[in-house]
Amino acid sequence: MLKSFFPFFIFLGLLSCNTTEKSEAIPNEPTVSSFYLIRHAEKDRSDSTNIDPELMQKGLDRAIRWAEVFDDIPLDVIYSTNYERTRMTAAPTSVKKDIDIDYYDPRELDFEAFKAENVGLNVLIVGHSNTTPQFVNELLGQEKYGALEDTDNSSLFIVTLVDSVATDIHLRIN
């Protein structure tokens, strides 16, 4: 009985192979770039003359918690300013993800070039109370956030660019 349907199946196959019809164009998938921005963890304030202090124990604990926060996020690159407190904050995530830390100077950063270099990536950026909100504002293309309080080491900003259209969220991770 299957043999009697064989010509019918061939006919259906030939109909489906009609090459004169123009196939519908498949729209391009949007390009999504995600930026996770945090300020360094709690620094050692015991020597007010030290301009590059390390983290205090509470800060080390927070840096480890940040690494846990980023466990399920497939990061591609980690950026940090080149200060002891920011490097120490980024280090646990860097080690867990096996990603080297790239250093940046926020005073010399070309934000448009930075965005172009990180298109389609998941990026962690560790900065300071003034540079982190400034970085967020540059990614958003608007002045939305002011400097963080000096005691604010728990802010996480997430900026998502979908084909260059920016959205953001500000979270507190304790």
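This part covers the sheet that holds strand β5 (residues 155-162). Here 6 strands make up an open sheet; going across it, the order is β3-β2-β4-β1-β5-β6 and the pairing mixed. Each edge of the sheet is formed by a strand with only one pairing partner; in this case those strands are β3 (101-103) and β6 (165-172). The mean inter-strand angle of the sheet, taken between neighbouring strand axes irrespective of direction, is 20°. In the sheet, strand β1 (residues 32-39) pairs with β5 via 7 bridges, with the strands oriented antiparallel.

Of all hydrophobic cores here, the largest spans 18 residues; its most connected members are Phe 35, Leu 37, Ile 125, Phe 135 and Val 159. Listed by contribution, the elements that provide at least two residues to this core are β1, β2 (77-80), α4 (111-117), β4 (122-127), α5 (131-140) and β5. Here the element with the most residues in this core is α5; it accounts for 4 residues. Here Ile 125 is in contact with Phe 35, Tyr 36, Leu 37, Ile 38, Tyr 79, Tyr 104, Phe 114 and Phe 135, once residues within four sequence places are set aside. Counting residues in hydrophobic clusters, the runner-up holds 14 residues, among them Tyr 36, Ala 90, Ile 99 and Val 126.

Counting buried positions along β5 gives 7 out of 8 residues, so the element sits mostly inside the fold. As paired elements, β5 and β6 share 8 bridges and run antiparallel to each other. If you follow Phe 157 over to β6, its bridge partner there is His 170. Here β5 hands over to β6 after 2 residues, with Asp 163 in that stretch at a positive phi of 50°.

Under the criterion given, the structure shown has 10 salt bridges. The shortest N-O distance in the salt bridge between Glu 42 and Arg 62 comes to 2.8 Å. Of the two residues, Glu 42 is situated in the loop between β1 and α2 (57-69) and Arg 62 in helix α2; the sequence distance between them amounts to 20 residues. Asp 150 is paired through a salt bridge with Arg 45; the nearest N and O atoms lie 2.9 Å apart. Of this pair, Asp 150 sits in the loop between α5 and β5 while Arg 45 sits in the loop between β1 and α2, and the two are 105 residues apart along the sequence. Take Asp 150: its relative accessible area is 39%, and that puts it in the partly exposed class. The class of Arg 45 is partly exposed, set by a relative accessible area of 48%. Each of Arg 39, Arg 45 and Asp 150 takes part in a single network of salt bridges with overlapping partners.

This part covers the pairing of β1. Counting buried residues along β1, 7 of its 8 residues qualify, which places the element largely inside the surrounding structure. Relative to β4, β1 runs parallel, the two being bridged by 6 bridges. Looking across to β4, one finds that Tyr 36 is bridged to Leu 124.

We now examine helix α3 (residues 84-97). When the terminal C-alpha atoms of α3 are compared, their 20 Å separation across 14 residues agrees well with the 20 Å that a helix rising 1.5 Å per residue should span. At Ala 91, α3 shows its largest bend, some 35°, and a proline, Pro 92, comes one to four positions later. As for α3, its buried residues are in contact with β1, α2, β2, β3 and β4. Positive backbone phi, approximately 55°, marks Asp 98, located one or two places after α3.

What counts and what doesn't
Here the residue index of a chain counts from 1 through its sequence in written order. In view of the model being predicted, local features appear only for residues whose pLDDT reaches at least 70, and side-chain atom pairs are presented and counted only at 80 or more, with totals across whole chains, interfaces and linings using the full set of residues. Excluding hydrogens and water, the side-chain values take into account all heavy atoms of the structure. Here, strands pair whenever DSSP counts at least two bridges between them. Where helices and strands are cited, they refer to DSSP runs of H or I of at least four residues and of E of at least two residues respectively, numbered from the N terminus. In this analysis, axes come from line fits to C-alpha atoms, helices being fitted only over the stretch in contact, and the angle between any two N-to-C directions falls in the range 0 to 180 degrees. Here, the term nonpolar core denotes a set of buried Ala, Val, Leu, Ile, Met, Phe, Trp, Tyr and Cys residues that are joined through side-chain atoms within 4.5 Å. Residue exposure (1.4 Å probe, protein chains only): buried if accessible area is under 20% of the type maximum, exposed if over 50%, otherwise partly exposed. The criterion used for residue contact is that any of the two residues' heavy atoms lie within 4.5 Å. Put simply, a salt bridge is a Lys or Arg side-chain nitrogen that is within 4 Å of an Asp or Glu carboxyl oxygen. By definition here, a helix of n residues has an expected span of 1.5 Å times n minus one. A residue's bend is given by the angle between axes fitted to the 7 residues ending at it and the 7 residues starting at it.

Read these as spatial facts, not as claims about activity.
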